[in-house]
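A structural walkthrough
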Amino acid sequence: MTEKHKRTPASLRTEQLEETENGTVFRTVLPTPAPDGSEAALRFTLTPEGALKLDNRQPEAGRLLGRRLSLAMAAAMREIALARNPGALSGRTLRGMAFELRVHYRAYRMGLKRSHAAVTKLGGLDSAAPDFDDNAAWFERPLRSLPAIGKALLRR
């Protein structure tokens, strides 16, 4: 195993900002500053159902393309979700969640399914759960899901 793969994701500081009708808004401070030297941060929402939503239109969202940072962000988001709703995110792994963050951001930037990719929704695999995410399995098992992903991308 290489040294690169032994590293653990950087820890991030997450704070609650506000309660809204759509859920609780959190702010996660990233480990490196923004280009202007200010504190770089991303906001996400924990819905009342236990799903997580991250708006890819945020200026710092592109930083999630990095594997280590996307893993750290997924860990921070999952920790918040499970602390509030222990049954949330059933069947989800950090790798799958981080992969979903990266893919949704790339799709948004490329203009693919922009209406769906502008906000990444992370929910569980259990279809009976309130936080069910209908495409979560695609990111947990991407190779097995390639035909379904292709069909979804071709639909407009």
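Now for a quick tour of the structure. Remember, it's a predicted structure, so these values are computed and weren't measured experimentally. (Residues numbered from 1 in each chain as written. Predicted model: local features only at pLDDT ≥ 70, side-chain atom pairs only at ≥ 80, totals over all residues. Heavy atoms only, no water.)

Our next topic: the environment of Leu 30. Among the secondary structure elements, Leu 30 is positioned in the loop between strand E2 (23–29) and strand E3 (41–46). Assessed through its relative accessible area of 5%, Leu 30 is described here as buried. Sequence separation between Leu 30 and Arg 63 is 33 residues, and the spatial gap between their C-alpha atoms is 9.0 Å. Apart from the residues lying within four places of it in its own chain, the contact partners of Leu 30 are Leu 12, Ala 40, Ala 41, Leu 42, Glu 60, Arg 63 and Leu 69. (Helix = DSSP H or I, 4+ residues; strand = E, 2+ residues; numbered from the N terminus. Buried < 20%, exposed > 50% of the residue type's maximum accessible area, 1.4 Å probe, protein only. Contact = heavy atoms within 4.5 Å.)

Residues Phe 44, Leu 52, Leu 54, Leu 64, Met 73, Met 77 and Leu 101 are the most contacted members of the largest nonpolar core, which totals 27 residues. Of all the elements in the fold, those that place two or more residues in this core are E3, strand E4 (52–55), helix H2 (67–84) and helix H3 (94–110). Here the element with the most residues in this core is H2; it accounts for 8 residues. (Core = buried A, V, L, I, M, F, W, Y, C linked by side-chain atoms within 4.5 Å.)

A few words on the packing of aromatic side chains. Following the criterion strictly, the structure yields 2 aromatic pairs and no others. Ring geometry for Phe 26 versus Phe 44: centroids 5.4 Å apart, planes at 20°, classification stacked. Separated by 18 residues along the polypeptide, Phe 26 in strand E2 and Phe 44 in strand E3 bring together distant segments of the chain. The interplanar angle of 65° and the centroid separation of 5.9 Å between the aromatic rings of Phe 99 and Phe 139 together place this pair among those described as edge-to-face. Of the two residues, Phe 99 sits in helix H3 while Phe 139 sits in helix H5 (residues 136–140), which places them 40 residues apart along the sequence. (Phe/Tyr/Trp six-rings, centres within 6.5 Å; stacked < 30°, edge-to-face > 60°.)

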